[in-house]
Amino acid sequence: QVQLVESGGGLVQPGGSLRLSCAASGKFFSINAMGWYRQVPGKQRELVAVITSGGSTNYADSVKGRFTISRDNAKNTVYLQMNSLKPEDTAVYYCNAGATSQITRADYNYWGQGTQVTVSS
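So, here's what we can say about the structure. (Residues numbered from 1 in each chain as written. Predicted model: local features only at pLDDT ≥ 70, side-chain atom pairs only at ≥ 80, totals over all residues. Heavy atoms only, no water.)

## Topic: the overall build of the protein chain
To keep it simple, the criterion reads: Secondary structure elements are defined from DSSP: runs of H or I of at least 4 residues count as helices, runs of E of at least 2 residues count as strands, and each element is numbered from the N terminus. A radius of gyration in this sense is built from C-alpha atoms; the matching globule rule multiplies 2.2 Å by the number of residues raised to 0.38.
A count of helical and extended segments in the protein chain gives zero helices and 11 strands. Starting at the N terminus and walking to the C terminus, you meet the elements of the protein chain as β-β-β-β-β-β-β-β-β-β-β. Expected size for 121 residues packed as a compact globule is a radius of gyration near 14 Å; at 14 Å, the protein chain falls within 12% of this value. Across its three principal directions, the C-alpha atoms of the protein chain cover 50 × 25 × 20 Å.

## Remarks on the side chain of Thr115
Our working definition: Relative accessibility thresholds used throughout: buried, under 20% of the residue-type maximum; exposed, over 50%; partly exposed, between the two (1.4 Å probe, protein chains only). N or O atoms within 3.5 Å of each other form a polar contact, as long as, within protein, one can give a hydrogen and the other can take it, and as long as residues adjacent in sequence are counted only when both atoms are side-chain atoms. The contact criterion used throughout is that any non-hydrogen atoms of two residues lie within 4.5 Å.
Within the secondary structure, Thr115 sits in strand E11 (residues 115-119). With a relative accessible area of 11%, Thr115 lands in the buried category. For Thr115, the side chain forms a polar contact with the main-chain nitrogen of Gly9, separated by 3.4 Å. Every residue in contact with Thr115, bar those within four places of it in the chain, is listed here: Glu6, Gly9, Leu20, Ala91, Val92 and Tyr93.

## Notes on the pairing of strand E4 (residues 30-39)
Side-chain positions along a regular strand alternate between the two faces of the sheet. Where we set the bar: Here, any two strands with at least 2 DSSP bridges between them count as paired.
As paired elements, E4 and strand E9 (residues 91-100) share eight bridges and run antiparallel to each other. Residue pairing in the sheet places Ile31 in a bridge with Ala99 of E9. Where E4 meets strand E5 (residues 46-51), five bridges bridge the pair, whose relative direction is antiparallel. Bridging from a neighbouring strand, Gly35 pairs with Val50 of E5. Two successive antiparallel strands, E4 and E5, enclose a turn made up of six residues, where Gly42 displays a positive phi of approximately 85°.

Here you go:
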């Protein structure tokens, strides 16, 4: 079982920055890809950015050049640096991680509880 704990959300003015963090804990063989998704009421959850255990990244077109995803494998933590924030970035941001079971070596997918990001003047 893996627990994902997010932090760093809040209220910021347009053009501002925020940094989200997500730490994975529990018993697992390995943490694989980690990523961030976001969701606004009435819409589907969408991918923001993802990073593999090897450091390869992928971003939604809407955040390219403004957001940067990174990870610290020693701490099993993923970060999302968000710059030049826009009102349309307002959403609940969810951390996602794939993990391999320590016992069965099967792969599972986990979600954090979500953190609110509000971009408003």
